[in-house]
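Structural overview
What follows is the residue order along each chain.
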Amino acid sequence: MSWQHRISLALTGRQQKGQMRTRRVNQHSDARTLQIDGTCYLNFAANDYLGLSHDPRLVQAWQQGAERYGVGAGGSAHVTGYHAPQAEFEQQLADWLGYPRALVFISGFAANQAVIAAMLAKNDRIFADKLAHASLLEAAAHSPATLRRFAHNQPAALEKLLQHPAGGETLVVTEGVFSMDGDSAPLAELHRLSQRQGSWLMVDDAHGIGATGEQGRGSCWQQQVKPELLVVTFGKAFGLSGAAVLCDDDTADYLLQFARHLIYSTAMPPAQAWALQTALACIQQGDELRQRLQQNIALFRQGAQALGLALLPSATAIQPLIVGEEQQALALADRLQQQGCWVTAIRPPTVPPGTARLRITLSAAHRPEDIHRLLEGLQHANR
């Protein structure tokens, strides 16, 4: 089989299953809207949960950072790319979340991959929630450790796995808020079970940090849990991009020596880290934004219930509407676009077969009339 034949077969298979992914050019956007092909839509597909991506304070901070430090890091953090803003931001994060250390990564995907690749060895085990993010599951599958997946948000299923003796160490992996279902993990129970067996817990709180908990400290703080490894990302509620791993001193030093994604990648631009310091301050003072987000969530769920829509039981900004088949989800998303609302259809392999859905995401930037328009659009699109 030639390379071209292999590629053609793979693409044909995706097309036949209705699973082809495409990209659309976002010509202009703000926290509420986006413009595609000259048409403006209400945006219910972004992860900008607090509406900070266009906040003038963050825009100004990034500009100030660029003026002071330029627009690039200039190298790996182990060479010349580690600047004062990165160091300051890491310390601020660690103090805020109650950890000795924080290490900044260029993305959440890179952070998850780096930690698992560096920490796990042969004879070790990874027990991951069945619906954990692709970055976690892919890293686990490629590591020399044995990967076992436990039933979603079922501590009893994890407990059964932990009861079997291990030849090496065990890492339990989950998310704080699950990106496709919007539900929250029972972190306290998962951590209790892990500690009882001498295992470590790793939590990816990409969709919880900033949007939940006191001062936006996220899912773990909200549930009074301190996992051994906490990953937070800055592309959602923070309104920017990047990620960090929170851990103890020895683990941070270990990752600095062995996390290849950290060692061999160009560091985060210092201007970005400068802007992230401002984003952190906005989040710490953002109780009003989080309250507005919760009001929008409640308004949407009340309206959806009145329409008889089959929403998953999520109390977060992620509100999935299960449709079932791929083509039906695509058609429903298209009809919503005709009503002026941009919602993304999520299909396998991102979600399990038969659970294609509309992944509706809400923001503090949305107004009540935006929510009502979305509900009206759903009512018309479902006819």
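Since we're looking at a predicted model, the values are computed, not measured.

**Describing the UniProt feature "binding site: substrate" (unreviewed entry) in the chain**
Cross-referencing UniProt, the feature "binding site: substrate" (unreviewed entry) maps to Arg21, His133 and Thr350 in the present numbering. For Arg21, the location among the structural elements is in the loop between α1 (3-16) and β1 (28-29). Apart from the residues within four sequence positions on either side, Arg21 is in contact with Arg14, Arg347, Pro349 and Thr350. Of the polar contacts made by the side chain of Arg21, one reaches the side chain of Thr350; its length is 2.8 Å. Along the chain, the position of Thr350 falls in the loop between β13 (344-346) and β14 (356-361). Those residues in contact with Thr350 that lie beyond four places of it in its chain are Arg21 and Met180.

**Considering a nonpolar patch on the surface**
Together, Trp3, Ile7 and Leu11 give the surface a local cluster of nonpolar side chains, amounting to about 350 Å² of exposed area. In this fold, Ile7 is placed in helix α1.

**Observations regarding the packing of aromatic side chains**
In this structure the tally under the stated criterion is six aromatic pairs. Relative to Trp274, the ring of Tyr69 has its centre 5.9 Å away and its plane inclined at 50°; by these criteria the two rings are tilted. One end of the pair, Tyr69, is in helix α2 (residues 56-69); the other, Trp274, is in helix α11 (residues 270-284), with 205 residues separating them in the sequence. Overall, the relative accessible area of 28% leaves Tyr69 in the partly exposed class. Judged by relative accessible area, Trp274 falls into the buried class, the value being 18%. Ring pairs connect the aromatic residues Phe89, Trp96, Phe234 and Phe238, which therefore count as one cluster. Residue placement shows Lys226 over the ring face of Tyr99; its charged tip is 5.1 Å from the ring centre.

**Here we look at the nonpolar core**
Of all hydrophobic cores here, the largest spans 77 residues; its most connected members are Phe44, Phe238, Leu293, Phe300, Leu358, Ile360 and Leu378. Ranked by residues supplied to this core, first place goes to α11 with eight residues. Lining this core are residues from two domains, each supplying at least three of them: domain 1 (25-54 + 286-378) and domain 2 (73-268). Contacts of Phe238, omitting those with residues within four sequence positions, involve Leu52, Leu58, Phe89, Trp96, Ile209, Thr233, Leu276, Ala279, Leu280 and Ile283. Counting residues in each nonpolar core, the second largest holds 28 residues, with Ile116, Val231, Leu255 and Ala259 among its members.

Cut-offs applied
- Residues numbered from 1 in each chain as written.
- Predicted model: local features only at pLDDT ≥ 70, side-chain atom pairs only at ≥ 80, totals over all residues.
- Heavy atoms only, no water.
- UniProt positions renumbered as here; feature names shortened; annotations may be inferred.
- Helix = DSSP H or I, 4+ residues; strand = E, 2+ residues; numbered from the N terminus.
- Contact = heavy atoms within 4.5 Å.
- Polar contact = N/O pair within 3.5 Å; in protein donor to acceptor, adjacent residues only side chain to side chain.
- Patch = residues over 30% accessible without salt bridge, like charges linked within 9 Å, V, L, I, M, F, W, Y side chains within 5 Å.
- Areas by Shrake-Rupley, 256 points an atom, 1.4 Å probe, with all protein chains shown as cover.
- Salt bridge = Lys/Arg side-chain N within 4 Å of Asp/Glu carboxyl O.
- Phe/Tyr/Trp six-rings, centres within 6.5 Å; stacked < 30°, edge-to-face > 60°.
- Buried < 20%, exposed > 50% of the residue type's maximum accessible area, 1.4 Å probe, protein only.
- Lys NZ or Arg CZ within 6 Å of the ring centre and 35° of its normal.
- Core = buried A, V, L, I, M, F, W, Y, C linked by side-chain atoms within 4.5 Å.
- Domains from an automatic or database assignment.

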